[in-house]
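Structural characterization, general
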Amino acid sequence: MTKKQNIILIMVVTLICIFVAERAAFSESKPTYKRSIEKYAVPDVTLVNQDGKKVKLVSLINSGKPVMLDFIYGTCTTICPVLSAGFTNLQNRLGQDAAKVQLISVTIDPEYDTPAVMKDYLKRFRAKPGWDFLTGSRENIDRVMRAFNAYVPNKMAHYPLTLLKAPNSDQWVRIYGMVGMSVLMTEYKELGGK
Amino acid sequence: MERGVEEHRIIRLLILLRRQRGDSPRNSVIPACPESFSAFQKDSRRALLAGMTNSRHIVSVVMVVLVILGSAIHSFAADKSSSLPKGLSKEEAIRLGEVMYRDGILPSGEPVQAVVEGDIPVEGSMFSCAHCHMRSGLGSVEGTIISPATNGEKLYRSRKGGQEFTEQQKESLPSRFRARDIRAAYTDKTLAQAIRAGVDPGGKKLDPIMPRYQLGGRELQILVYYLKNLSSEPSPGVTETTIRFATVVGEGVSREDRDAVLLPLETYVRDRNARAPYYKARAGYRLFAEEMDRSYRSLSLQKWELKGPPATWRSQLEAYYKKEPVFALLGGIVEGSW
């Protein structure tokens, strides 16, 4: 082998190595969400659900069922529909047991989200009993957002958040980011749900 | 536009060739637009000639690349002929595509099925393309999620990672500061793949929040045709330089009330038009420069005066619109209720 051929060979091998390394770096899956365990002091506020009924948030959260809570709004374009599709699918997967988990969606746009708007929204996502959409005064909604470290001054600046709590526990699992069904089901099962 | 895409494929192949010659892929730049093609071609030809003198092996590589190039052009020619779905007029295809895009309803009348976030089944009645990418197809930003533009003009050319430069600026910059492609231009085929399988022309996976749509070949053809034509022209009332608005004033409105409506609007328009050249100039140095530049068109405000009984107002307004369409109505005032 001549010196020139050697150099070409080394170059080719180096290039292949670079190429492979680059591919590997790209295909390495980044975690798409952040999970943490938190404690929250749920404020004692009375909110209004999709049927126009008054609901004490503390009572709904401590009704003896596992709870999943998110913050959405009826006219949301990108994040909320996907979060809600996750709730729809969870209820579908649970089938007969759908009402054994309490799903709570709290609006971050109480000025617009009236019970009628929220009822339409739930219908669009084929919600079954056990999924409540709550609105209230701006003051109370802000208190709830702040209590869960989810306050946004502007609804357009919100972010995907799902909070889960087992019955008789004061610990919340906080999931920041979009998650698929497998993560949602796993987290739900860990709460003691079936 | 079609030609631009074809040239783009050739450019990509030429870049591939450059990479084989040992140029670092990180420093390769895909030119922003076809105008830059000839300069680039010249450069690459020089590269080819240099390669030939270096080694005979390179000559065989060149031959192989030429063959691939030929077949690529051939396959593209086939791609082009498939734009309008068979048996449909242009209007029918656009109408069916619009229902899919805006309402998530297939030509069969059923909602489209899709999978989002990897394993969450969703259907078109829950949300549609237009929810995130907007009716205009110009895209949106909500919270932490960016929904890129989905109209043909943007899809069928490459998307830059940062600032798009003029040819002159590009030459004066070291290669590492030049904008790189986030993705190459789509073709009908790769766009269909993106919608169905969530993969961009470079083989990169789209964010899982973009649903993977279960669409048949013909449905995809219709949707792709619709996207190609989406927002291909500015909305009525918008020209290259101006956005026209109107406000409505009924007869018999007191001068005081009239001023209360008109003066703030007129002042805003005047003030904004006075600042527009400054913003336009500044936009040239910023991210999304092109969008910013266009959003600083000057504004014009028409006064649509209504006369006679309210029953005739509708036809009066329609006549105004027909004469000179406006992009939007900004408020207005009449005696009594609308």
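A brief report on the enclosed structure follows. A quick note: this is a predicted structure, and the numbers were derived from the prediction, not measured.

1. Some words on the pattern of salt bridges
On inspection of all chains with the given rule, the structure shows 18 salt bridges over all chains. Measuring nitrogen to oxygen at the nearest pair gives 3.0 Å for the salt bridge that ties Glu 111 of chain A to Arg 138 of chain A. Of this pair, Glu 111 of chain A sits in the loop between strand 5 (102-107) and helix 4 (115-124) while Arg 138 of chain A sits in helix 5 (residues 138-147), and the two are 27 residues apart along the sequence. By relative accessible area, Glu 111 of chain A is classed as exposed at 55%. Using a relative accessible area of 31% as the deciding quantity, one classes Arg 138 of chain A as partly exposed. A salt bridge links Arg 102 of chain B to Glu 98 of chain B; the shortest N-O distance between them is 3.6 Å. Taken together, the positions of Arg 102 of chain B and Glu 98 of chain B, both in helix 4 (residues 90-103) and four residues apart, correspond to about one turn of that helix.

2. Some thoughts on the state of the cysteines
Each disulfide is one covalent bond, formed between the sulfur atoms of two cysteines. If you walk through the whole model with that rule in mind, you get one disulfide over all chains. The disulfide that involves Cys 76 of chain A links it to Cys 80 of chain A, with 2.4 Å between the sulfurs. The S-S bond linking Cys 76 of chain A to Cys 80 of chain A shows a torsion near 90°; that makes this disulfide right-handed. Just as Cys 76 of chain A is buried, Cys 80 of chain A falls in that class too. You can see Cys 129 of chain B has no disulfide; the closest cysteine sulfur is in Cys 132 of chain B, sitting 8.9 Å from it. Here Cys 132 of chain B is not disulfide-linked; the sulfur of Cys 76 of chain A is the nearest cysteine sulfur, at 8.4 Å. By relative accessible area, which is 12% here, Cys 132 of chain B ends up buried.

3. Focus: the packing of helix 3 (residues 79-94) of chain A against helix 6 (residues 181-190) of chain A
Residues and elements named next belong to chain A. Put simply, helix 3 and helix 6 touch, their axes get as near as 10 Å, and they point 60° apart. Between helix 3 and helix 6, the angle is such that the two are oblique. As helix 3 runs across helix 6, the sense of the crossing is right-handed. Each of Gly 86, Asn 89, Leu 90, Arg 93 and Leu 94 in helix 3 lies in contact with helix 6, whose residues at this interface are Met 181, Leu 184, Met 185 and Tyr 188. For the contact of helix 3 with helix 6, the per-class residue count stands at six nonpolar, two polar and one charged.

4. As for the nonpolar core
Among the nonpolar cores identified, the biggest contains 89 residues, and Leu 69, Phe 71, Leu 90 and Phe 148 of chain A together with Ile 195, Leu 215 and Leu 227 of chain B are the most heavily contacted of them. Ranked by residues supplied to this core, first place goes to helix 3 of chain A with eight residues. Not counting residues up to four positions away in its chain, the partners in contact with Ile 195 of chain B are Pro 211, Arg 212, Tyr 213, Leu 215, Leu 220, Leu 223, Val 224 and Leu 227 of chain B.

Criteria and thresholds
- Residues numbered from 1 in each chain as written.
- Chains lettered and ligands numbered in written order.
- Predicted model: local features only at pLDDT ≥ 70, side-chain atom pairs only at ≥ 80, totals over all residues.
- Heavy atoms only, no water.
- Salt bridge = Lys/Arg side-chain N within 4 Å of Asp/Glu carboxyl O.
- Helix = DSSP H or I, 4+ residues; strand = E, 2+ residues; numbered from the N terminus.
- Buried < 20%, exposed > 50% of the residue type's maximum accessible area, 1.4 Å probe, protein only.
- Disulfide = S-S within 2.5 Å.
- Axes fitted to C-alpha atoms, helices over the stretch in contact; angles between N-to-C directions.
- Parallel < 35°, antiparallel > 145°, perpendicular 65-115°, else oblique.
- Left-handed = near helix turned anticlockwise from the far one by under 90°.
- Contact = heavy atoms within 4.5 Å.
- Nonpolar A, V, L, I, M, F, W, Y, C, P; charged D, E, K, R; others polar.
- Core = buried A, V, L, I, M, F, W, Y, C linked by side-chain atoms within 4.5 Å.

By themselves these figures say nothing about function.
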